[in-house]
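A closer look at the structure
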Amino acid sequence: MKGPESKYVASLSLLYFLQFAVWGCYLTCLGQLLGAGGLGRDIAWFYAAVGFVSLVMPALMGHIADRYVSPARLLGLCHGAAALAMLAAWRYAMTHPMMDFAPFFGLYVLFLAFYMPTMALANTTAFGILKSRGLRPVDVFPRIRVWGTVGFVAAMWFVNSAYWHDGAFGFTLSDAGPMSTFRFQYTPMQLLSSSVIGFVTAFYTLSLPCVRPMAQQSTGLGEHFREMFTFFRNAPVRTFLLLAALSGVCLQISNGFATPFISSFMADSAYAGTLAAGNATMLFSLSQISEAVCVLFVGWCMKRFGIRSVLITALVAWALRFLLFAFGNPGGGLWMLNGSMLVYGVAFNFLTIAGNIYMDQSSAPERRGLGQGILMLMSNGIGASLGTLCAGGVVNSFCHWQQVSTESGATMRLFVGDWQSAWLIFAAYSLTVALLYFICFRPAKTPKVNS
């Protein structure tokens, strides 16, 4: 690819790098911060909040982007507002070592209200720019989206290793060092990192070309919600969206509980000194490295095997990930933990990226923003909110937070208990959803564009 096309691919790649770096700073290690701040039993509520927000905000912002404002400009406004909310959350956490649920949760929900729509808006912006330059998203988008994964990994490595204490800044991987407990993965500094990158992203969107809203006439909010239901008139799309609600919980289970699970091995004398137990965020980043590789195969697999096979493969991969967690450990079972991270690339990309492309193919041009928003509503909204609360109940019934002395002599709150039973339940759930895709989802060979 040469000329102007390569310039737009490069600019969109940087957009996705920044977009997902905002998320990578806190998403997988927020549970550890909540545990340290006395909100460990409320982890499920914070990850379910993604779902509550996604019930309305992504579809609403998609409606605005379709009719009133260029998606790129709306994307920048949302990032700026989200960064302000995250900055306030950081300030509260810094001044309240033991946090109260209501104020911190309120600030976090405010952040999500503006950040979650950026996921769909970034897709709408990218698809619009590519199509206006004569490029097909199914051919080009996976190469752009991979840079989002790179940004997510870079942010995870940074917060895993960076520390700040009494004016001293540095990096360490050793759990035995005196600064190990002040690494960003355990402290509110993960929130500040996310906020700073959010502001940078907001300013960067000003450099992106504007794609005009596709809708020819402006409609009211009531009409917007009525249009949402037009997607359910197409039987394959309706089935896909309903199953997306069931499958959306898998990602939130992984994001919310994987790093507290890995860190819990620090309470076991057999694994307390292992590199993996003390660097849960960095170990988790292997998932994103796998994602960066697997994303390149999504378009090819969709064209070669079809959306149905791709989605079934994704749910089987989620089940395998949870099974490997159930039997892995940072010692002799480290290969299982590593294997679980590698499987994540298939589980995540084959579910989310394929879903984004399928909804774009199944939406009329003037409703593509709405199509991305309603997918977020079903998967990250209804599915993730209710499913994550149920998953949190499962984990809390088997595990509990406990104050533990670490190898460095400091004390930490760790989530210990019967993790194996919880992961086996989640694996069985994923296989059940895979079976439902196999039985119920029968997409047309060429998606019928909604009109």
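Description of the structure in this document.

**Looking at the pattern of salt bridges**
- Evaluated as defined, the whole model comprises 1 salt bridge.
- K131 is paired through a salt bridge with D360; the nearest N and O atoms lie 2.8 Å apart. In this pair, K131 is assigned in helix α6 (residues 101-132) and D360 in helix α15 (residues 334-361), connecting sequence segments 229 residues apart.
- Classification of K131 as partly exposed rests on a relative accessible area of 28%.

**Concerning the environment of A319**
- Within the secondary structure, A319 sits in helix α14 (residues 307-327).
- Residue class for A319 comes out buried when judged on its relative accessible area of 1%.
- A C-alpha to C-alpha distance of 22 Å links A319 and C29, two positions 290 residues apart in sequence.
- Sequence-distant contacts of A319, defined by excluding residues within four places in its chain, comprise A427, S430 and L431.

**A short note on the packing of aromatic side chains**
- Under the criterion given, the structure shown has 42 aromatic pairs.
- Aromatic pair W23 and F152: ring centres 6.5 Å apart, planes at 85°, arrangement edge-to-face. Of the two residues, W23 is situated in helix α1 (residues 4-24) and F152 in helix α7 (residues 137-161); the sequence distance between them amounts to 129 residues. As far as the burial class goes, W23 and F152 line up, both buried.
- A ring pair is formed by F325 and W423, whose centres lie 4.8 Å apart and whose planes are at 40°; its orientation type is tilted.

**Quick notes on helix α10 (residues 235-263)**
- For α10, built from 29 residues, the straight-helix expectation of 42 Å at 1.5 Å per residue is met to within 8% by its first-to-last C-alpha distance of 44 Å.
- At F257, α10 is bent by approximately 40°, the largest bend along its length, and proline P260 sits one to four residues beyond.

**Some thoughts on the nonpolar core**
- Within the largest apolar cluster, 153 residues are counted, with the highest numbers of intra-cluster contacts made by Y26, F104, F111, L191, L241 and W423.
- Considering each element in turn, this core owes the most residues, 16 residues, to α6.
- What L241 contacts, discounting residues up to four positions off in sequence, is F231, F232, M359, I374, L375 and M378.

**A look at a nonpolar patch on the surface**
- There is a patch of nonpolar side chains on the surface, built from W45, F52, L55, V56, I382 and L386 and spanning about 490 Å² of accessible area.
- Of all the secondary structure elements, the ones that give two or more residues to the nonpolar patch are α3 (43-54) and α16 (368-398).
- Secondary-structure assignment places L386 in helix α16.

**Things to note about the state of the cysteines**
- Throughout the structure, instances matching the rule amount to 0 disulfides.
- Unpaired in this structure, C390 has its nearest cysteine sulfur neighbour in C250, at a distance of 13 Å.
- Considering cysteine sulfurs only, C390 is the nearest to C399, which forms no disulfide, with 17 Å between them.

**A closer look at the packing of helix α12 (residues 280-294) against α15**
- Relative orientation of the contacting elements α12 and α15 amounts to 45°, with a least axis distance of 7 Å. The angle between α12 and α15 places the two elements in the oblique class. Relative to α15, the crossing made by α12 is right-handed. For the pair α12 and α15, the contacting residues are L283, F284, L286, S287, Q288, S290, E291 and C294 in the first and L337, N338, M341, L342, V343, Y344, G345, V346, F348, N349 and F350 in the second.

**Focus on the side chain of S285**
- Its location among the elements puts S285 in helix α12.
- Taking the relative accessible area as the measure of exposure, S285 reaches 1% and is therefore buried.
- Ignoring sequence-local partners within four residues, the contact set of S285 consists of V153, M156 and W157.

What counts as what
- Residues numbered from 1 in each chain as written.
- Predicted model: local features only at pLDDT ≥ 70, side-chain atom pairs only at ≥ 80, totals over all residues.
- Heavy atoms only, no water.
- Salt bridge = Lys/Arg side-chain N within 4 Å of Asp/Glu carboxyl O.
- Helix = DSSP H or I, 4+ residues; strand = E, 2+ residues; numbered from the N terminus.
- Buried < 20%, exposed > 50% of the residue type's maximum accessible area, 1.4 Å probe, protein only.
- Contact = heavy atoms within 4.5 Å.
- Phe/Tyr/Trp six-rings, centres within 6.5 Å; stacked < 30°, edge-to-face > 60°.
- Expected span 1.5 Å × (residues − 1).
- Bend = angle between axes of the 7 residues up to and from the residue.
- Core = buried A, V, L, I, M, F, W, Y, C linked by side-chain atoms within 4.5 Å.
- Patch = residues over 30% accessible without salt bridge, like charges linked within 9 Å, V, L, I, M, F, W, Y side chains within 5 Å.
- Areas by Shrake-Rupley, 256 points an atom, 1.4 Å probe, with all protein chains shown as cover.
- Disulfide = S-S within 2.5 Å.
- Axes fitted to C-alpha atoms, helices over the stretch in contact; angles between N-to-C directions.
- Parallel < 35°, antiparallel > 145°, perpendicular 65-115°, else oblique.
- Left-handed = near helix turned anticlockwise from the far one by under 90°.

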